[in-house]
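The primary structure of each chain is shown beneath.
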Protein chains: 2
Amino acid sequence: MALVVQKYGGSSLESADRIKRVAERIVATKKAGNDVVVVCSAMGDTTDELLDLAQQVNPVPPEREMDMLLTAGERISNALVAMAISAHGAEAWSFTGSQAGVVTTAVHGNARIIDVTPSRVTEALEQGYIALVAGFQGVSQDTKDITTLGRGGSDTTAVALAAALSADACEIYSDVDGVYTADPRIVPDAKKLDTVPYEEMLELAASGSKILHLRSVEYARRYGVPIRVRSSYSDKPGTTVAGSIEEIPVEQALITGVAHDRSEAKITVTGVPDHAGAAARIFRTIAAAEIDIDMVLQNVSNTAGRTDITFTLSKANGPKAVGELEKLKPELGFTTVLYDDQVGKVSLVGAGMRSHPGVTATFCEALAKVGVNIEIINTSEIRISVLIRDAQLDEAVRAIHDAFELGGDEEAVVYAGSGR
Amino acid sequence: MALVVQKYGGSSLESADRIKRVAERIVATKKAGNDVVVVCSAMGDTTDELLDLAQQVNPVPPEREMDMLLTAGERISNALVAMAISAHGAEAWSFTGSQAGVVTTAVHGNARIIDVTPSRVTEALEQGYIALVAGFQGVSQDTKDITTLGRGGSDTTAVALAAALSADACEIYSDVDGVYTADPRIVPDAKKLDTVPYEEMLELAASGSKILHLRSVEYARRYGVPIRVRSSYSDKPGTTVAGSIEEIPVEQALITGVAHDRSEAKITVTGVPDHAGAAARIFRTIAAAEIDIDMVLQNVSNTAGRTDITFTLSKANGPKAVGELEKLKPELGFTTVLYDDQVGKVSLVGAGMRSHPGVTATFCEALAKVGVNIEIINTSEIRISVLIRDAQLDEAVRAIHDAFELGGDEEAVVYAGSGR
């Protein structure tokens, strides 16, 4: 008998009908002799509807209340799934994140899990119940207020519970049947991967892959929880995210996949006087606005002793960043702030590049062959990322995927309505 | 400076716009120098929508999960009102019933409040915040599960909080501007009452008046909390429910008002063998099905030693009661079970009837004059109720209202959309 944690996302729960299908799967898992813990996100459109209502009563809603509001969504979906399970012949209890012992920092909207003490969940399992736990939420250790966990919070809840319960398996269900060598909607011959080590999944997630969220993969790696990514529409085994690249013998290390990201924009501060502290001032200003930066490029200074500083950031933060930088102009005396939101990032990920020279060369040649110009390049031990024109993104992904022979023989399966 | 508890019902909160109006009123109360605690029901249609979703996944949903589901509604409305308050220049924190210290029995769907320990509410007030508390819910003392309080639960939450906080005022807001001598939609010259003592309000509530729920009035009487019934659409002072009929000098005691009730049905078990235990068997069977009975009538036994037993109950329980009684037929040997759901109840309430003989006579004469036949009559010290044909209910209410000269000179104000 195993202890299985399953997580179902919003699109798997978007209607009463889908909820009943999910309940059938959960009951089947229980009847196969397992203890089952389920984490549910809010139903399909609920979070957006609640955000809309909030906007109508206050354009800048207080964060504490936003968390109180949004967590109603997961309460609803988990209670409905528990009811559906009951209609299918098993018994279930639903719990809020707080009731399930998910203790967090006090940062509303982006809390981090400090500890998980799931005693009520364990009790429920011991009494033969299936336990449902609302994802994306917890309770602040300091203030005892309800908190939400930020993007991918339900994945993180599932992994954290699996770790705390020493679960045998943690299954993340969505409308895709695993992690692919590239987005199957762009690359028809993309192959489903059987296994991906933690570090590679982290790089893929950071590079635009939306299958699993970065924080949940970090948590899984830290606690050694193997994650299985599966589709809620089929019985296929999916992809297992587990193990470290350190465990892979050098000669077996591979190139794993290609990720792409359309969510970034590029800012260039031109004509920055080239003296110590100018760049620091620019980056400190951005950091003070709580904006994260991704890729950075600083030109060699020209004959006039001026340089351009370029960086990328999330499009959502673009206007705010430009505003903050404009305020610096009198002080720093740079020429102008340029904003370009028609960029895209494409990345190649694989432990194999540590031991195979020439990967960077092959990568750049593949792009050059299809006329794609590299604007910024950024690498880690197991990843190469470049910033290019977003209109060329699909073509670039395919070119790199082909150059590294990542394609399979079967056409990739794309489910109708895959929102990823 | 006073501590004011305000309760807003679902129709006062049915849209973002209404929520903003309610927030304005709350902030005005705060800015007038008061500490303010607010209890909100779920927004207009939310509870029905959630019930509908529940039905779709399980026609007989488990009660624990129904409470987890429905309480999401109050969470949403209270968080939104808190946000709206913030947009209007004050600060507010919302709390669930559990967070506010509302401790209850373990009966899902109909829990009773055992205790209220509102320390987090008090802290919020001390820090200058307005405190919002989700109505209709609490946490079970024994199981630590979330519970809902049954009909009128938000009124009860408000009164219980007012008692625990020793509030100076408890204001219940809806879309009617007070308690009237009769339903203004039936009796155009019905008068708004300035004050109603607890015992009379209890009788009115038990007799069909929907302004305040029985349990909340019982709670208010037990703890001496004065309740003000007001409209959220105007600034009128409303009706105060406070004091005991014992405090009213005999010569000032009045007839207060007329209530009516369309929610009951009548069951007659005919030809019941007239021996000891037959009636007891019938009533025990109904009680075992957890069905409440209201009025009872047992005919004098006829020459064949048989009698008819008649009682009224909520229409919602009608079919179930008939089913349970049919099962008794072989054992008791009665003739048949008759079910009649075209009955209505009309009641006259007033402390004055204790000291004024002839009230019953006047009451019956008024009905006879308009051709209304009395099927069952039932009285208490301060109430007379009769069961009649529901088609004659409006006429009966008007006839009694006139006979006791309860009407005022001004036409009663009826708000468009008054749902009561």
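Residues numbered from 1 in each chain as written. Chains lettered and ligands numbered in written order. Predicted model: local features only at pLDDT ≥ 70, side-chain atom pairs only at ≥ 80, totals over all residues. Heavy atoms only, no water.

If you look chain A up in an unreviewed UniProt entry, it shows as Aspartokinase from Amycolatopsis acidicola. Under the Function (unreviewed entry) heading, UniProt states for chain A: "Catalyzes the phosphorylation of the beta-carboxyl group of aspartic acid with ATP to yield 4-phospho-L-aspartate, which is involved in the branched biosynthetic pathway leading to the biosynthesis of amino acids lysine, threonine, isoleucine and methionine." What UniProt states about chain A under its Sequence similarities (unreviewed entry) heading is, verbatim, "Belongs to the aspartokinase family." (UniProt positions renumbered as here; feature names shortened; annotations may be inferred.)

Visitor: In this structure, what is going on with the UniProt feature "binding site: ATP" (unreviewed entry) in chain A? I would like to understand it.
Guide: Residue and element names in this part refer to chain A. Sites flagged by UniProt as "binding site: ATP" (unreviewed entry) map to K7, Y8, G9, G10, Y180 and R185. A stretch of 179 residues holds the annotated residues, and the largest C-alpha distance among them is 23.9 Å, long enough that they do not meet in one place. Locating G10 in the fold gives a position in the loop between strand 1 (3-8) and helix 1 (16-31). Judged by its relative accessible area of 19%, G10 falls in the buried class. Ignoring any residue separated from it by four or fewer positions in sequence, one finds G10 in contact with S41, A42, M43 and G44. Positionally, Y180 belongs in the loop between strand 9 (169-174) and strand 10 (195-196). (Helix = DSSP H or I, 4+ residues; strand = E, 2+ residues; numbered from the N terminus. Buried < 20%, exposed > 50% of the residue type's maximum accessible area, 1.4 Å probe, protein only. Contact = heavy atoms within 4.5 Å.)

Visitor: What's the story with the UniProt feature "binding site: substrate" (unreviewed entry) in chain A in this structure? I'm lost.
Guide: All names here are of chain A. UniProt tags T47 and E74 as "binding site: substrate" (unreviewed entry). Taken together, the annotated residues stretch across 28 residues yet fold into one region, lying no more than 8.9 Å apart by C-alpha. When you line up the elements, T47 lands in helix 2 (residues 46-57). Using a relative accessible area of 24% as the deciding quantity, one classes T47 as partly exposed. Along the polypeptide, E74 turns up in helix 3 (residues 63-87). The contact partners of E74, leaving out residues within four places of it in the chain, are C40, S41, A42, A134, G135, F136 and Q137.

Visitor: Sorry, what's going on with the relation of the copies chain A and chain B here?
Guide: Note that the two copies of the chain are related through a rotation about an axis and a translation along the same axis. For the pair chain A and chain B, the relating rotation is 180 degrees, the translation along its axis is 0.0 Å, and the fit reaches an RMSD of 0.1 Å. Overall, the copies show the geometry of a two-fold rotation axis. Rotation axis and chain A: the residue whose C-alpha lies nearest the axis is A:A72, separated from it by 2.5 Å. Both copies share a contact surface, since 100% of the interface residues of chain A are interface residues in chain B too. (Least-squares fit on C-alpha atoms with pLDDT ≥ 70 in both.)

Visitor: How should I be thinking about the sheet that holds strand 11 (residues 227-231) of chain A in this particular structure?
Guide: Within a sheet, each strand pairs with its neighbour through backbone hydrogen bonds, oriented either parallel or antiparallel. All names here are of chain A. What the 8 strands build is an open sheet, ordered 3-6-2-1-9-11-12-10; its pairing is mixed. Single-partner strands in this sheet number two, and they are strand 3 (92-95) and strand 10. By the bridge criterion, 5 bridges tie strand 9 to strand 11 in an arrangement that is parallel. In the sheet register, I172 faces strand 11, and the bridge partner there is V229. (Pairing = 2+ DSSP bridges.)

Visitor: Would you take a moment to explain the pattern of salt bridges for this structure?
Guide: Where charged atoms from two side chains of opposite charge come close, those side chains can pair. Counting across every chain of the model gives 44 salt bridges over all chains. Notably, a salt bridge pairs B:E65 with B:R64, separated by 2.9 Å at the nearest N-O pair. According to the relative accessible area criterion, B:E65 is buried, its value standing at 1%. Classification of B:R64 as buried rests on a relative accessible area of 8%. Members of the salt-bridge network, linked through shared partners, are A:R64, A:E65, A:D145 and B:R120. (Salt bridge = Lys/Arg side-chain N within 4 Å of Asp/Glu carboxyl O.)

Visitor: Hey, could you run me through the side chain of A:K345 in this one?
Guide: Residues and elements named next belong to chain A. Residue placement: K345 occurs in strand 18 (residues 343-349). Exposure remark for K345: the relative accessible area of 3% places this residue in the buried category. At a separation of 2.5 Å, a polar atom in the side chain of K345 contacts the side chain of D294. Ignoring anything within four residues of it in the chain, the contact list for K345 reads A206, S207, A259, H260, D261, E264, D294, M295, S385, V386, L387 and L393. (Polar contact = N/O pair within 3.5 Å; in protein donor to acceptor, adjacent residues only side chain to side chain.)

Visitor: What am I meant to see in the packing of helix 5 (residues 153-164) of chain B against helix 7 (residues 214-223) of chain B here?
Guide: For any two helices packed against each other, one specifies the inter-axial angle together with the distance between the axes. Residues and elements named next belong to chain B. The interhelical angle for the contact between helix 5 and helix 7, taken along N-to-C directions, is 10 degrees, at an axis separation of 8 Å. Judged on the interaxial angle alone, helix 7 and helix 5 are roughly parallel. Listed contacts from helix 7 to D155, T156, V159, A160 and A163 of helix 5 are R215, S216, Y219, A220 and Y223. A class-by-class count of the residues in the contact of helix 5 with helix 7 yields 6 nonpolar, 2 polar and 2 charged. (Axes fitted to C-alpha atoms, helices over the stretch in contact; angles between N-to-C directions. Parallel < 35°, antiparallel > 145°, perpendicular 65-115°, else oblique. Nonpolar A, V, L, I, M, F, W, Y, C, P; charged D, E, K, R; others polar.)

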